[in-house]
Amino acid sequence: MMQPAAHYPKHYCGVFGIFGHPSAAELTYYGLYALQHRGQESAGIVSCHDGRFFKHHGMGLVPQIFNGEILHNLVGDRAIGHTRYSTTGSSHLKNAQPLTVDCVRGQIAVAHNGNLTNAAQLRDELERAGVPFQTTVDSEIILMMLAQPTMNGMENTLVKTLRRIEGAYSIVIMTEKELIGARDPFGFRPLSIGRTANGAYVLSSETTAFDLIHAEFVRDVAPGEIVIINEKGVMSIQAFPEHKGEAFCIFEYVYFARPDSVLRGRTVYDVRKEMGRQLAREHNVAADLVIPVPDSGVCAAMGYSEQSGIPYEMAFIRNHYVGRSFLQPTQLIRDFNVRVKLNLIESMVKDKRVIIVDDSIVRGTTCRSRVKTLKDAGAREVHVAVSCPPHMHPCVYGIDFPDRTKLMAANNSVDEIRRYLNADSLHYLSQEGMVQATTLPRNSFCMACYDGRYPVPYDQVLDKHIIEKRRRTTLTLGEAMERENRQINLLPS
Ligand code: AMP
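My aim in this report is to walk through the structure given alongside it, one point at a time. Only a predicted model underlies this, so the values are computations on that prediction, with no experimental measurement involved. (Residues numbered from 1 in each chain as written. Predicted model: local features only at pLDDT ≥ 70, side-chain atom pairs only at ≥ 80, totals over all residues. Heavy atoms only, no water.)

### Considering the pairing of strand β2 (residues 42–49)
And then number 1: Burial of β2 is extensive: 7 of the 8 residues sit out of reach of the surface.
And then number 2: Joining the antiparallel neighbours β2 and strand β3 (residues 52–59) is a turn of 2 residues, in which Asp50 adopts a positive phi near 50°. (Buried < 20%, exposed > 50% of the residue type's maximum accessible area, 1.4 Å probe, protein only. Helix = DSSP H or I, 4+ residues; strand = E, 2+ residues; numbered from the N terminus. Pairing = 2+ DSSP bridges.)

Encoded structure:
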């Protein structure tokens, strides 16, 4: 039987940058606040005033790390910031971003969202050339490549660096004179440009941050594009003019991005709701109520309810103020962690046939406990509807479920999963239905976690601690294969 995950992976990273605003650090703080959902492990801001960098970072949530005094000391009219959940490198303050270096080019700060697929090889090369790494994150490779002394100017070095790194990256970079934004040629991760009323330029992983600081959306940074923002304005360079094809991560629409963000011209809320409608078109289930798992299933459940005509009820009530639990796992409070976050209004579901809608099933732990709660409360039937297809393959481009042994659908049939969940039926949205809900072409998406087609080749044993492991010992082929083949056995055979 699968054990509940003791430590569930959180979201990945959010990046933000601003150029030309007297309150640059404060606005970056608000920007990071809006991007908190993309990473809750650490956050940091680097500002620049008169060619000097000022930096503060810490572990935890944005408001726990910064206060008025700290922000006041982050002087300057430009700044970049980062919220992080680790996808490469473990959870330490030294790995918190933005990362900075003082080199022949002056000071440089980098904040990165994504995952490099050739990090180990590049780091080897750089270490052999004597580059002293301070962290175990792949983002430092970008920083160190930018810091290499060459006869080329910053623009050429940037293009050269981007053409060497592979995988997923949306980055913001600050030099003593410029704010720079760049996306990998496939455009896996989002990055948009905004502008404040006083004319300051803003870069952000998601447009929701623009709303908070009253900035206007200007446009998305294009895949493979570098935008250089300085006193003269914005300059654009296409670093991969020969490249064809886009591979935007479809899971941004399914789960990661905030519903109030606009990605590639589509409001995430609308796409999620349409995914719910599509789910109802594909799976007609007779039931009395549609219930979302808050917050991740809310939009899709509304869509499902509208399309099917089955009433929608918020039967699970979320506590928004959940911190860490310090209680010991005794019998009495063994399900404290589950119940403290979501409480069920039992009278609402008693004797009812309910459809519970969530965005995805990864390990199955969350869904299983929700079904149990509903059944314990007397629900007559519990049907599970999932607003994306089964996750069959690991993500190597920045979403933290890289190990296929942990993906329930990679190792079990839909009926086995249904039995594990103890649900009366289980329904996933089809791949076609998911794409259709975005109204964008399928070949403009990375759907590797669903269809196994990886736009950029990757090291088969890549996982988030690869840089640390490589230092200890290289995995033997046997270890690598064992790791790939280990299965989750959900049901006794
Ligand atoms: P579980 O099936 O127990 O692993 O939990 C799946 C739930 O976690 C989904 O309903 C999502 O809301 C959320 N989720 C999905 N993918 C991730 C991820 N990579 N990191 C954190 N949460 C996720």
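### Details of helix α10 (residues 298–308)
And then number 1: Where α10 is concerned, the buried positions are Val298, Cys299, Ala300, Ala301, Gly303, Tyr304 and Ser305.
And then number 2: Phi turns positive, to about 80°, at Gly309, one or two residues after α10.

### Examining the packing of aromatic side chains
And then number 1: Tallying each qualifying case throughout the model produces 12 aromatic pairs.
And then number 2: Ring centres of Tyr255 and Phe256 lie 5.0 Å apart, and the angle between their planes is 70°; on these two criteria the pair is classed as edge-to-face.
And then number 3: Residue placement shows Arg123 over the ring face of Phe133; its charged tip is 4.2 Å from the ring centre.
And then number 4: Above the face of the Phe445 ring, Arg264 is positioned so that its terminal group lies 5.0 Å from the ring centre. (Phe/Tyr/Trp six-rings, centres within 6.5 Å; stacked < 30°, edge-to-face > 60°. Lys NZ or Arg CZ within 6 Å of the ring centre and 35° of its normal.)

### Focus: the side chain of Ser42
And then number 1: By secondary structure assignment, the location of Ser42 is in strand β2.
And then number 2: Non-local contacts of Ser42, meaning those with residues more than four positions away in its chain, are made with Gly58, Met59, Gly60, Ile65, His82, Thr83, Arg84 and Ala96. (Contact = heavy atoms within 4.5 Å.)

### Some points on the sheet that holds strand β21 (residues 381–386)
And then number 1: Here 4 strands make up an open sheet; going across it, the order is β17-β20-β21-β22 and the pairing parallel. This sheet does not close on itself; its edge strands, each paired only once, are β17 (289–292) and β22 (425–428). For this sheet, the mean inter-axis angle between neighbouring strands, taken without regard to orientation, is 25°.
And then number 2: Pairing between β17 and strand β20 (residues 353–358): 4 bridges, direction parallel. Residue pairing across strands places Leu289 opposite Val354, the latter belonging to β20.
And then number 3: Sitting on the sheet, helix α13 (residues 365–376) touches β17, β20 and β21, and the angle it makes with β21 is about 155°.
And then number 4: Sitting on the sheet, helix α15 (residues 414–421) is in contact with β21 and β22, with an inclination near 130° to β22. (Axes fitted to C-alpha atoms, helices over the stretch in contact; angles between N-to-C directions.)

### Notes on the nonpolar core
And then number 1: Counting 74 residues, the largest nonpolar core has Leu374 and Val384 as the members making the most contacts within it.
And then number 2: Built from parts of two domains, this core gets at least three residues from each of domain 1 (13–246) and domain 2 (268–439).
And then number 3: The residues contacting Val384, other than those within four sequence positions of it, are Ile356, Ile361, Cys367, Val371, Leu421, Ala423, Ser425, Leu426 and His427.
And then number 4: Counting 33 residues, the second largest nonpolar core, distinct from the first, contains Ile108, Leu146, Ala147 and Ala239. (Core = buried A, V, L, I, M, F, W, Y, C linked by side-chain atoms within 4.5 Å. Domains from an automatic or database assignment.)

### A closer look at α15
And then number 1: Inspection of α15 places Ile417, Tyr420 and Leu421 among the buried residues, and these make up the whole buried set. An end-on view of α15 places all buried positions within 95° of arc, on one side of the element.
And then number 2: Count one or two residues on from α15 and you reach Asn422, which has phi positive near 65°. (Arc of directions from axis to C-beta.)

### Some thoughts on the sheet that holds strand β1 (residues 14–19)
And then number 1: Pairing is antiparallel in the open sheet, where 7 strands are placed in the order β3-β2-β4-β1-β10-β9-β11. The open sheet has two edge strands with one neighbour each: β3 and β11 (216–220). Ignoring which end each strand starts from, the neighbouring axes of this sheet average 15° apart.
And then number 2: Across 4 bridges, the pairing between strand β9 (residues 192–195) and β11 is antiparallel.

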